[in-house]
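Structural overview for review
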Amino acid sequence: MSNAPKTVLCIHDLPGFGRAGLSVIVPVLSAMGIQAVTVPTAVLSTHTGGLGTPARLANPAYGPAALEHYKRLGLRFDCIYSGYLADPGQARLVEQAIDLWPDALAVVDPVMGDGGRMYRGLSAEMVPALYTLCAKASLILPNPTEAALLLGDPLPGVAGEVTVESAAAQARRLARVCPRVLITGVPAGRGIACVSVSRAGEESTVRTPLIAKSFHGTGDIFGAVLVGRLLQGNVLQAAAQAAAVFVGDCLKATPDEADERLGVWLERVLPRLTVPGAAG
């Protein structure tokens, strides 16, 4: 049907508690009038950021079987959006999805680390696996730490502070791997920036005011809004601006004394994403 909602295949983790992964991505896309179809890479009692050791439900055969089932059903995806992967084998799962739906926009958030450190529990083999996956993507969304890991550069804090200029230089190098690169979370004076570069030579920087709060799951919210705005016809710069503003709104809506491990109070802000007529 020509007026059917856009559909995104979301390959991310699903924490039962703690606003991150699919628990925030699905409501964000739904609020934007977009259907989210999910393939959990890990089902967890909580996300992995400071809430103790989560209970895990794992079945390595599930992901490939789910993709084959969706293909048999004749499902069509406008976008494939991947994030946290529990092991290198799951990078191949995302590659399988891209191969099965080659016309879909493929957005990869190469979740590996932040703040100059690789996330605990991820093996060194994740770096080459995600590099290979990024080479099959339409757009990648690394933060400065992940950009350094993909490029084999010294991590931020070892090689000095990240700047807009250094992020742009890394994005140009990454554009040899993937046609479009958006490096997120770049310090920019009193603001925070997203730096984008395309293989065709287009470059842009989006700056928003810095809000001195840090909560788990904001990267997943950013990516979901970005994907939604792209599917609604926005260019990358405008989509990144909208995503950054929405994350800022979520941070402002969350009390200063709130536990950062539990994520932002996005429930209060979701109605701002609802745009009449945006479902097609």
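As a reminder, the structure under discussion sits directly above these lines.
Criteria and cut-off values
- Residues numbered from 1 in each chain as written.
- Predicted model: local features only at pLDDT ≥ 70, side-chain atom pairs only at ≥ 80, totals over all residues.
- Heavy atoms only, no water.
- Helix = DSSP H or I, 4+ residues; strand = E, 2+ residues; numbered from the N terminus.
- Buried < 20%, exposed > 50% of the residue type's maximum accessible area, 1.4 Å probe, protein only.
- Contact = heavy atoms within 4.5 Å.
- Axes fitted to C-alpha atoms, helices over the stretch in contact; angles between N-to-C directions.
- Parallel < 35°, antiparallel > 145°, perpendicular 65-115°, else oblique.
- Nonpolar A, V, L, I, M, F, W, Y, C, P; charged D, E, K, R; others polar.
- Salt bridge = Lys/Arg side-chain N within 4 Å of Asp/Glu carboxyl O.
- Pairing = 2+ DSSP bridges.
- Phe/Tyr/Trp six-rings, centres within 6.5 Å; stacked < 30°, edge-to-face > 60°.
- Lys, Arg positive; Asp, Glu negative; His and termini not counted.

By secondary structure assignment, the location of Gln170 is in helix α6 (residues 164-174). On the basis of relative accessibility, which here comes to 13%, the residue Gln170 falls in the buried class. In this structure, Gln170 is in contact with Pro144, Ala147, Ala148, Leu151, Asp153 and Ile183, ignoring residues within four places of it in sequence.

Glancing now at the packing of helix α2 (residues 62-72) against helix α3 (residues 88-100). A pair of packed helices is captured by two measures, namely the crossing angle of their axes and the spacing between those axes. Contact geometry of α2 with α3 gives a least axis separation of 10 Å together with a crossing angle of 10°. By the angle between their axes, α2 is roughly parallel relative to α3. Listed contacts from α3 to Gly63, Pro64, Leu67, Glu68 and Lys71 of α2 are Leu93, Gln96, Ala97 and Leu100. Within the contact of α2 with α3, the residues separate by chemical class into five nonpolar, two polar and two charged.

In this section: the pattern of salt bridges. The full count for this structure, using the stated rule, is eight salt bridges. Residue Asp153 is joined to Arg173 by a salt bridge in which the shortest nitrogen-to-oxygen separation is 2.8 Å. Of this pair, Asp153 sits in the loop between α5 (144-151) and α6 while Arg173 sits in helix α6, and the two are 20 residues apart along the sequence. Take Arg173: its relative accessible area is 30%, and that puts it in the partly exposed class. Note that Arg272 and Asp249 form a salt bridge whose closest N and O atoms lie 3.3 Å from each other. Linking Arg272 in the segment after α8 (236-253) with Asp249 in helix α8, this pair joins segments that are 23 residues apart in sequence.

The strand order across the open sheet formed by eight strands is β3-β1-β6-β7-β10-β11-β12-β13, and the pairing between neighbours is mixed. In this open sheet, the two edge strands, each paired with only one partner strand, are β3 (35-38) and β13 (203-209). Pairing geometry for strand β10 (residues 139-140) and strand β11 (residues 180-188), over two bridges, is parallel. Its bridge partner being in β11, Leu139 is matched across the sheet by Arg180. Sitting on the sheet, α3 touches β1 (7-11), β6 (79-82) and β7 (105-108), and the angle it makes with β1 is about 160°.

As enumerated under the stated definition, the model contains two aromatic pairs in all. When the centroid spacing of 6.2 Å and the interplanar angle of 75° are considered together, the rings of Tyr70 and Phe77 count as edge-to-face. Residue Tyr70 shares its accessibility class with Phe77, and that shared class is buried. Seen in terms of ring centroids, Phe77 and Trp101 are 4.8 Å apart; in terms of plane orientation they differ by 75°. Their pairing is edge-to-face. Remark: Trp101 occurs in the loop between α3 and β7 and Phe77 occurs in the loop between α2 and β6; sequence separation between them is 24 residues. Accessibility expressed as a relative area gives 4% for Phe77, which makes it buried. Judged by relative accessible area, which is 6%, Trp101 ranks as buried.

Here we come to the environment of Gly115. Within the secondary structure layout, Gly115 lies in the loop between β8 (113-114) and β9 (117-118). Remark: the alpha-carbon pair of Gly115 and Asn143, spanning 28 residues in sequence, is separated by 9.1 Å.

Structurally, Glu146 is set in helix α5. Here Glu146 is buried and forms no salt bridge, its nearest opposite-charge partner Arg117 lying at an N-O distance of 12 Å. Contacts of Glu146, omitting those with residues within four sequence positions, involve Asp109, Pro110, Val111, Met112, Gly113, Tyr119 and Leu141.

Within the open sheet, the three strands sit side by side as β2-β4-β5. Their pairing is mixed. Strands at the two margins of the open sheet, each flanked by one partner only, are β2 (14-17) and β5 (56-57). Alignment of strand β4 (residues 43-46) against β5, held across two bridges, turns out to be antiparallel. Looking at β5, one finds that Leu44 is bridged to Arg56.

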